[in-house]
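Given next are the chains, with one letter for each unit.
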Amino acid sequence: MTDDIWNDTPSVPVYHDVDRALFENEIKPANCPVLMKGLGAHWPLVEKGRQGPEALAAYLRSHANTQPVQAFIGAAAIEGRFAYTDDLKGFNFERQAMPVGDLLDALLARLDEEGDALYAGGIPVPAHLPTMDADNPMPLLEPGSDRLVSAWIGNRTRIPAHWDLPQNIAVVAAGRRRYTLFPIEQVANLYVGPLDLTLAGQPSSLVDFHAPDFGRFPKFREAMKAAQIADLEPGDAVYVPPMWWHHVESFTSFGMLMNYWWREGPDYMVTPFFTLLHALTTLRDLPAPERAAWRVMFDHYIFRLDGEPMDHVPMDARGIFADMTPDNLRRLKGFLASKLQ
């Protein structure tokens with residue numbers, strides 16, 4: 001690992017013996033990443049990981065079905081770093097569908113090699129390892145609450161810095177991982193690649209964190225000043241608040257991570273990323289004074305910096321700005337759809 005440029009980077013705050021009350025009342029409201037030591041140390045999954053790759057693979061097979069997952073395979077030359085090709089029109093790895101059992105076989109066959117990188121990320125646990133979640137419960141979330149549970153299995157790999165919309169708790173089941181995290185305000189300093197051609201769904205940084213090209217990416221030095229690091233051992237967890245950039249590196253030849261994504265807010269809400277894309281057709285190329293005027297309108301009506309903008313209008317006269325009932329949601333979607341045509 002080439003990490004000397006990160007030697008002076010501060011670590012995220014570390015918590016021990018985190019329970020749901022501490023998480024809900026102190027950690028989550030701060031909206032900053034933290035390392036929670038030993039959160040999953042009691043899991044059977046973590047215990048099998050401590051026994052070695054073969055024991056962990058056998059445990060996973062006992063819970064897996066034959067539904068294929070999508071794996072990323074990169075040649076040894078990429079040194080585990082999944083990224084774009086130089087022209088930013090493709091990727092430096094191939095995708096291959098395979099059942100979890102075949103993925104495990106391929107990883108075990110590579111244990112003693114410094115060869116190609118193999119990784120399957122975001123594996124939906126209910127669909128592919130349907131009985132495993134019940135054996136390894138997440139203590140910080142209400143049982144039965146709406147969440148997306150995913151597994152990440154691979155060898156020595158590096159995932160470029162990206163952001164996720166939901167809140168995230170990630171628990172290392174086997175191996176060691178490093179999260180390098182930045183607040184969303186560093187977007188201009190992280191040199192993000194194409195937003196509509198992504199490695200795995202989320203826009204990501206073009207910077208190689210092992211060897212940053214400061215000639216090409218000079219503002220990355222500013223991003224580094226805002227970085228925090230979380231180094232995780234088996235059983236440790238990191239809390240990543242919504243929209244925090246995070247670069248993830250796995251240091252071992254057989255590693256596994258579990259993560260839990262969830263959103264808070266009304267069920268009708270979809271990703272604001274759609275709003276960003278819509279703004280390409282409505283806002284981006286306006287003259288500067290008009291863009292500034294619309295910023296005022298968004299601050300007033302959407303971000304509500306001045307308080308509730310329709311307080312002076314009776315609820316039954318607010319139209320699409322009334323409370324978002326199912327009927328109002330249908331009206332609003334219909335209005336937008338008709339205008340987009």
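Refer to the structure presented above.
Calculation notes
- Residues numbered from 1 in each chain as written.
- Predicted model: local features only at pLDDT ≥ 70, side-chain atom pairs only at ≥ 80, totals over all residues.
- Heavy atoms only, no water.
- Helix = DSSP H or I, 4+ residues; strand = E, 2+ residues; numbered from the N terminus.
- Rg over C-alpha atoms; globule rule 2.2 N^0.38 Å.
- Contact = heavy atoms within 4.5 Å.
- Lys, Arg positive; Asp, Glu negative; His and termini not counted.
- Charge placed at Lys NZ, Arg CZ, Asp CG, Glu CD.
- Core = buried A, V, L, I, M, F, W, Y, C linked by side-chain atoms within 4.5 Å.
- Buried < 20%, exposed > 50% of the residue type's maximum accessible area, 1.4 Å probe, protein only.
- Pairing = 2+ DSSP bridges.
- Axes fitted to C-alpha atoms, helices over the stretch in contact; angles between N-to-C directions.

How do you make sense of the overall build of the protein when you look at a structure like this?
Each helix and strand counted, the protein has 10 helices and 13 strands in total. Against the globule reference of 20 Å for 341 residues, the protein gives a C-alpha radius of gyration of 22 Å, in line with a compact fold. Expressed along its principal axes, the backbone C-alpha trace of the protein runs to roughly 65 × 50 × 40 Å. Of all intrachain contacts in the protein linking residues separated by at least 6 positions in sequence, the fraction that spans at least 24 positions is 79%. For the protein, the centre of its 30 positive side-chain charges and the centre of its 44 negative side-chain charges are spaced 4 Å apart.

Help me understand the nonpolar core in this model?
Note on soluble globular proteins: their nonpolar side chains tend to be buried together. Counting residues in each nonpolar core, the largest one holds 47 residues, and the members touching the most others are Met-36, Leu-45, Ile-169, Met-256 and Met-258. For this core, the leading source of residues is helix 4 (residues 100–109), giving five residues. Counting 42 residues, the second largest nonpolar core, distinct from the first, contains Trp-6, Leu-35, Met-224 and Leu-257.

Would you explain the sheet that holds strand 10 (residues 228–232) in this entry?
Paired through their backbone hydrogen bonds, the strands of a sheet run either parallel or antiparallel. The strand order across the open sheet built from four strands is 7-12-9-10, with neighbouring strands paired in antiparallel fashion. Where the open sheet ends on each side, the last strands, each with one partner, are strand 7 (157–162) and strand 10. Each strand axis lies, on average, 10° off the axis of its neighbour in the sheet, ignoring direction. In terms of strand pairing, strand 9 (residues 177–182) meets strand 12 (residues 245–250) through six bridges, oriented antiparallel. Bridge assignment links Arg-178 to a residue of strand 12, and that residue is Glu-249.

Hey, could you run me through the environment of Asp-323 in this one?
With respect to the helices and strands, Asp-323 occurs in the loop between helix 9 (288–301) and helix 10 (326–340). A C-alpha to C-alpha distance of 46 Å links Asp-323 and Leu-60, two positions 263 residues apart in sequence. Look past the residues within four positions of Asp-323 in its chain and what remains in contact with it is Met-315 and Asn-328.

The quantities given are spatial measurements derived from coordinates; they are silent on function.
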